[in-house]
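# Analysis of the macromolecular model
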Amino acid sequence: MSKTNKKGKKVSRRKFLVRGGLGTLGVLAVGTYLFRNPIRRNILAYANSMDMAYMGSGMEPMIWFEVTSDNQIILHSPKVEMGQGTFTGLAQMAADELDVSMNQIQIVHAQTDTGNIDTFSTGGSTSVAGLWQPLRELAATMREMIKVEGAKKLGVSVNEISSENAQLTAAGNSITYADAVKDVTEWEVPNTPPLRDLKEYKFIGKPIARIDLEAKVFGDPIFGLDAEMPDMLYGAVVRPDKIGATFVSSDTSAAESMPGVVQIIQEEDFVGVVARSYSEAENAKQAIKVDWSVERDWSSEEIQAILQVGEGNASLIQKEGSDIDDSSEVIEMEFSSPIGAHAQIEPNGVLAYVNGDKATIHISTQVVNLTRKEVAKRLGFDEVQVNIVPTYLGGGFGRRLHTPHAVQAAVMSRIVGKPVKYCFSRKEEFQHDMFRPPTHHVLKANLDESGMIKAIRHDFSSGDVAIDSPLLPGFVHSILGADVGAIRGGFCQYSAIPNIRTVSWHVELPFATSWWRSLGLLANTFAWESFMDELAVKSGKDPVSFRLAHIQDDEAGTRLKAVIQAAAVKANYTDEIVDGRAMGFAASTDAGTPCAQVAEVSLKNGKIKVHKVTCAMDPGVAVNPDQVKAQCEGSIIMGISASLFEKMEIRNSELSPTIYGPYQMALMKHAPKEIDVVLLQGIDKPGPVGEPPLGPIGAAIANAVYRLTGERLTAMPLQA
Amino acid sequence: MTISFQINGQAKSMDIEDGNTPLLWVIRDMLNHKGTKFGCGKAACGACTLLIDGEAVRSCSYAVKFAAGKSITTIEGLGNKENPHPVQQAWIEEIVPQCGYCQPGFMMATAALLEKIPQPTDEDIDKNIINVCRCGTYYRMRKAIHKAAQIKAESIDPINS
Amino acid sequence: MKKRLHFSLLFLGLVIFGFGLASSTGYNTYYVSETDSVENASSSEAFDKMMQVLTHERCVNCHPNDNVPKQGADSHPHYFGITRGDENMGYQATNCATCHQSENNDYSGVPGAPEWSLAPDKMKWEGLSRVEIAKSMMDAERNGGRTPEETLHHLTEHELVLWAWNPGLDANGNLREVPPVPKDEYIAAVKEWFENGAVIPSE
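Residues numbered from 1 in each chain as written. Chains lettered and ligands numbered in written order. Predicted model: local features only at pLDDT ≥ 70, side-chain atom pairs only at ≥ 80, totals over all residues. Heavy atoms only, no water.

### A short note on the packing of aromatic side chains
Under the definition given, this model contains 17 aromatic pairs over all chains. When the ring of Phe87 of chain A is compared with that of Tyr392 of chain A, the centres are 5.5 Å apart and the planes differ by 70°; the resulting orientation is edge-to-face. Taken as a pair, Phe87 of chain A in helix H2 (residues 86-98) and Tyr392 of chain A in the loop between strand E18 (386-390) and helix H10 (404-416) lie far apart in primary sequence, 305 residues in all. On the basis of relative accessibility, which here comes to 12%, the residue Tyr392 of chain A falls in the buried class. Measuring from ring centre to ring centre gives 6.1 Å for Phe106 of chain B and Tyr138 of chain B, while their planes differ by 70°; the resulting arrangement is edge-to-face. Taken together, the residues Phe106 of chain B in helix H4 (residues 103-116) and Tyr138 of chain B in helix H6 (residues 138-155) connect sequence positions 32 residues apart. We classify Tyr138 of chain B as buried; its relative accessible area is 0%. Here a set of aromatic residues connected by ring pairs shows up, and it is made of Tyr278 of chain A together with Trp25 and Phe38 of chain B. We note Arg136 of chain A situated over the ring of Trp132 of chain A; from NZ or CZ to the ring centre the distance is 3.7 Å. The ring of Phe424 of chain A has Arg239 of chain A sitting right over it, with the charged end atom 4.0 Å from the ring centre. (Phe/Tyr/Trp six-rings, centres within 6.5 Å; stacked < 30°, edge-to-face > 60°. Helix = DSSP H or I, 4+ residues; strand = E, 2+ residues; numbered from the N terminus. Buried < 20%, exposed > 50% of the residue type's maximum accessible area, 1.4 Å probe, protein only. Lys NZ or Arg CZ within 6 Å of the ring centre and 35° of its normal.)

### Topic: the nonpolar core
By size, the foremost hydrophobic cluster in this structure holds 221 residues, and its most contacted members are Phe65, Ile456, Tyr660 and Ile701 of chain A together with Trp91 and Tyr138 of chain B. Apart from residues no more than four positions distant in its own chain, Ile701 of chain A is found in contact with Ala599, Val601, Ile608, Val610, Ile640, Leu644 and Leu718 of chain A. Residues Val237, Val350, Val407 and Ala410 of chain A belong to the second largest nonpolar core, which totals 31 residues. (Core = buried A, V, L, I, M, F, W, Y, C linked by side-chain atoms within 4.5 Å. Contact = heavy atoms within 4.5 Å.)

### Examining the sheet that holds strand E19 (residues 420-423) of chain A
Residues and elements named next belong to chain A. The strand order across the open sheet formed by 7 strands is E11-E12-E9-E19-E16-E17-E18, and the pairing between neighbours is mixed. With one partner strand each, in any of the chains shown, strand E11 (261-266) and E18 form the two edges of the open sheet. Ignoring which end each strand starts from, the neighbouring axes of this sheet average 20° apart. Helix-sheet contacts for helix H7 (residues 278-287) involve strand E9 (233-237), E11, strand E12 (271-275) and E19, and the interaxial angle to E9 is about 30°. (Pairing = 2+ DSSP bridges. Axes fitted to C-alpha atoms, helices over the stretch in contact; angles between N-to-C directions.)

### Notes on the sheet that holds strand E4 (residues 55-58) of chain B
All names here are of chain B. Pairing within the open sheet is mixed, and its 5 strands lie in the order E2-E1-E5-E3-E4. Each edge of the open sheet carries a strand with a single partner, namely strand E2 (10-15) and E4. Across the sheet, the axes of successive neighbouring strands diverge by a mean angle of 40°, strand direction being ignored. As defined by bridge partners, strand E3 (residues 49-52) adjoins strand E5 (residues 71-73) across 2 bridges and the pair is classed as antiparallel. Of the residues in E5, the one forming a bridge with Ile52 is Ile72.

### Quick look at the confidence of the model for chain C
Residues and elements named next belong to chain C. Looking at chain C, the pLDDT average stands at 84 and 80% of residues meet or exceed 70. Under a pLDDT of 50 for its full length, residues 1-38 has, in the predicted model, 33 contacts with residues more than four places off or in other chains. The ipTM for the predicted assembly is 0.97, set against a pTM of 0.91. (pLDDT = per-residue confidence, 0-100.)

### A few points about the interface of chain A and chain C
With 10 residues of chain A at the interface, the matching set in chain C holds 6 residues. Interface area for chain A against chain C, summed over the two sides, is near 620 Å², with a carbon-plus-sulfur share of 63%. Among the residues chain A hides against chain C, the three largest losses belong to Gly661, Pro662 and Leu667 of chain A. Together they make up 41% of the total. Here chain A and chain C share 0 salt bridges between them. Its residues assigned to classes, the side of chain A that touches chain C comprises 4 nonpolar, 4 polar and 2 charged. (Buried area = accessible area lost by both parts, 1.4 Å probe. Salt bridge = Lys/Arg side-chain N within 4 Å of Asp/Glu carboxyl O. Nonpolar A, V, L, I, M, F, W, Y, C, P; charged D, E, K, R; others polar.)

### A few points about helix H17 (residues 697-709) of chain A
Think of an α-helix as 3.6 residues a turn; residues three or four steps apart then line up on the same face. Residue and element names in this part refer to chain A. Helix length check: H17, at 13 residues, gives a terminal C-alpha distance of 18 Å against a target of 18 Å (1.5 Å per residue), a fit within 8%. Counting buried residues in H17 gives 11 out of 13 residues, a clear majority hidden from the surface. Buried within H17 are the following residues: Ile697, Gly698, Ala699, Ala700, Ile701, Ala702, Asn703, Ala704, Val705, Tyr706 and Arg707. Contacts made by the buried residues of H17 are with helix H13 (521-539), helix H14 (543-548), strand E23 (582-590), strand E24 (593-604), strand E25 (607-617) and helix H16 (625-644). A positive phi of about 75° marks Gly710, the residue just after H17. (Expected span 1.5 Å × (residues − 1).)

### Re the pattern of salt bridges
Taken as a whole and judged by the stated rule, the model has 69 salt bridges over all chains. The salt bridge involving Asp533 of chain A is made with Arg712 of chain A; its shortest N-O contact spans 3.0 Å. Highlighted residues: Asp533 of chain A in helix H13 and Arg712 of chain A in the segment after H17, separated in sequence by 179 residues. As far as the burial class goes, Asp533 of chain A and Arg712 of chain A line up, both buried. Put simply, Lys152 of chain B and Glu115 of chain B hold a salt bridge, and the shortest N to O gap is 3.0 Å. In this pair, Lys152 of chain B is assigned in helix H6 and Glu115 of chain B in helix H4, connecting sequence segments 37 residues apart. For Glu115 of chain B, a relative accessible area of 51% corresponds to the exposed category. One salt-bridge network, held together by shared partners, links Asp533, Glu534, Lys538, Asp575, Arg707 and Arg712 of chain A.

### Notes on the environment of Gln493 of chain A
All names here are of chain A. With respect to the helices and strands, the residue Gln493 is situated in the loop between helix H12 (474-480) and strand E22 (499-506). Judged by its relative accessible area of 18%, Gln493 falls in the buried class. Expressed as a C-alpha distance, the spacing of Gln493 and Gln552, which sit 59 residues apart in the sequence, is 9.6 Å. Filtering out sequence-adjacent residues up to four positions away, Gln493 remains in contact with Glu529, Leu560, Ala587, Ser588 and Thr589. A distance of 3.3 Å separates a polar atom in the side chain of Gln493 from a polar atom in the side chain of Tyr494. (Polar contact = N/O pair within 3.5 Å; in protein donor to acceptor, adjacent residues only side chain to side chain.)

### Observations regarding the interface of chain A and chain B
Listed as interface residues are 60 residues of chain A and, on the opposing side, 52 residues of chain B. Of the roughly 4,600 Å² buried where chain A meets chain B, counting both sides, 63% is carbon and sulfur surface. The three residues of chain A that bury the most area against chain B are Phe218, Ile345 and Met668 of chain A, which together make up 19% of that side's buried surface. Across the contact surface, chain A and chain B share 9 salt bridges. Between Glu17 of chain B and Arg276 of chain A there is a salt bridge, and its shortest N-O distance comes to 3.2 Å. For the pair chain A and chain B, the interface holds 22 residue pairs in polar contact (both at pLDDT 80 or more). Elements supplying a minimum of two residues to the side of chain A that touches chain B: helix H5 (213-217), H7, E19, H16 and strand E28 (674-679) of chain A.

### Some thoughts on the side chain of Thr658 of chain A
Its place among the elements puts Thr658 of chain A in the loop between strand E27 (654-656) and E28. We classify Thr658 of chain A as buried; its relative accessible area is 11%. A polar contact of 3.0 Å, which involves the side chain of Thr658 of chain A, links it to the side chain of Asn172 of chain C. Residues within four places of Thr658 of chain A in sequence aside, it is in contact with Arg426, Lys427, Phe430 and Gln431 of chain A together with Asn172 of chain C.

### Points about the domain arrangement of chain B
All names here are of chain B. Looking at chain B, the domain boundaries give domain 1 (2-78) and domain 2 (86-155). Put simply, the middle of domain 1 and the middle of domain 2, counted by C-alpha atoms, are 21 Å apart. On the domain 2 side, the residues contacting the 18 residues of domain 1 number 13 residues. Carbon and sulfur atoms make up 63% of the area that domain 1 and domain 2 hide from each other, which totals about 1,300 Å². Here domain 1 is connected to domain 2 by 1 salt bridge. At the junction of domain 1 with domain 2, the criterion picks out 5 residue pairs in polar contact (both at pLDDT 80 or more). Those elements giving two or more residues to the side of domain 1 that touches domain 2 turn out to be E3, E4 and helix H2 (75-78). Residue composition of the side of domain 1 that touches domain 2, grouped by class: 9 nonpolar, 6 polar and 3 charged. (Domains from an automatic or database assignment.)

Given below as structure tokens:
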């Protein structure tokens, strides 16, 4: 952890900006300038940990809170809710410092019009961790501001006032927050008050039910595709089946006379149609004939041939001691992982309305600011002319870090003069995903006489994750020479090994690869932890003590050791096969969060069955332990799905499968019937949660299979 | 053509130009019940599952003309915040949803399952509940399905049932 | 010789069983012939045509030998772990009709026809030779107790069978392959084969 952590910086009083009255009686809006200049620290450490603070634009006042006349607090979140439970965590943090109860706080996605824009993204498991300090400070400051106004109305001094449940009390008299702030036009902004001790919090650290639980159980229209506007039309855009296809010409004559067609859209970079209904738009789209030019055919085998350690550019990203001595006895293994799809259930979609000089975009996006920039640029608008209305996401997983469909919908809307809603077909989702890149890994090590690792080296090749992403400035990669996403989990976490090398190889692939939940972590950990298991076997040690023996007692090492021990104890780890079930062990450190898992696995008719997973993780302060556990459970099941089943193929430049089923994913029957999560707290602030537990699962399963069969599985998807 | 059916207890008569239009889009876009979700349009993910005369049906693959004279139940009609269906109650108690998008489909499939098998075994659940969830909420869903069975059994009045 | 004897005995058993059935259903028009002596060229041609259809995946995919319906030109197991269930309709709450209706659905690419279901357990054709399929379908014990007339009706008039020539679009919007013989020719061939005594050639 960097000592000059920006998260520790106090919200400056002078940067507090207050506006009163948003047109509703008793509405209070609090805005502030937050941190500028996001990336100014040890860039490699940043790249490894992705330890990002919340990044405001630093340019505009941001509306964080409103107090409504019925004494509710509305928190405008610059982070989006995609299932990870961030909204609940943020509401708990705010409620605890505001002195309101959980049913007195609501949380909504901040529209860009409010100014509260996160200039980076929702991703990297940073939302709760990044807002930990600033959100509590904002809430505490606002509480004090309300107290000041309450004191005036109650005729007492601020010191005499106590606050609880959105109510101020002094000398037997009470006043609600709403009444206290009603009619306030001139605010006094106090210095940022000290934050409370962790033990004093009523909600932080408690398993509060998700704040969006009822909306999601009763089917409320909260998602991007649920958005509606009067007179809305439906769009569709034609996409090629083949990778690398470029548009040559189109014949839209048949589509023009199809029922319900309002207009054929012919732009420089896309062909689409606007119709009265979704079905009519899709039918017309099928009738548009597009001639695509495809330079060459690609196959999975060709991709595999170029995606090899030794091909492309190498960057040394970790260097301790000297390189491994190849002339000595070297243990070497190779691993690989396939192209993976996001396959989130809500297809990408958008509702756009360009009305004169104003554009409104309802969308499931992880990059509110980037979506706005791209729409504004295409329309020739200033950014303030575009209001992005973020919705709940029907799954994110990194898929919604790219939203060019917002631009297309905006263009279509401007042409037809009405709101246009449009979404991907499932085939388009699969063929035009920004895939999890395939990877190839070579690991080498040698052991000393006592079975300890003398030197270790990890070379890995991956398609792009972050390189060329509009999300990160290009200089990040030109300084590093490596892909900050692909290297997640690629580093050696066994700090007691004296000689370590990690080398990242980069090749360009002919199709788009990008951010997929946990980035390189799943594949890198699969390779690392399968190899560590092999080394433990070679050294004649059990996998738990072998790992522990290679970890230093610094902060990161102590936390990693603790989760390894906790997982082993909780699972009653054994190398023995009991009732046909074997255990596999694996651990990873992702963005500073260590996690260890034990998978209990059997084989039935050659098929891998995962019965139970024990997971120990140290996320620091678990703001909502129930939702941290939910993230562990979900990551484990998503990891099982990716490790055992998922794989995209390329034939004649066509990516397939294009539908669930052929693209096999974990179903109910594949999920472990037991998932046992142990949470440790090794630091006194929240750390990343949503991705770290995705690390160990693949290796844990493969290591269990090794115990059953004596064979190492070295390629995902794992097949015994 | 005019197609009449019941949806969530209400009679509806719809003017439909193309009777082959998937029921999903009639419900989402014409009737504005957004709880039934579009996930794949290929009857593969189950996000659009609803009940037709009590049977689980994937509405993206169900021509609206077949709905004539039938009774449709969507997540909005399964229960409400004041009076949740046992499945919804169990989903709340187990805090099942993450992103939540696939959940209505799972809840509708579960509601159908409990009508056929009031106390489903794990094997019954594995066979019948084959929708797709990307967040990986299956672990909690299984617990919630067993809990829903229990709530439903307890809520049946032994004298009048 | 030994093999032939065995066959005849089996056949005798079938005939006896068949008569038992005949008394209750009153059929006596057709007799199942188990001989290679009365084949004529025309009957053999009719048999060939019929079997080109009946061995096609459009038919065999729903006559599995492992209780797992098959899909597609490659006859892969039905996705999502669907199996026969108690009534050839899948599982209790998630069954054929959850996705398959009485018509093909060109939006989803899900095929459909009236009575969409698997052929009953005894009618396993998958992996059988043409002769074995023919024997199976004429065997009342394995064809659901159908008389030859009823079998003829199933083969030539049952909507679910004739769906094979109207199999609709698949999930990618491509037309499914139809059997290699046009429907009319197939129906004529089946009728001819039955009229000529439903002679099953030897292997």
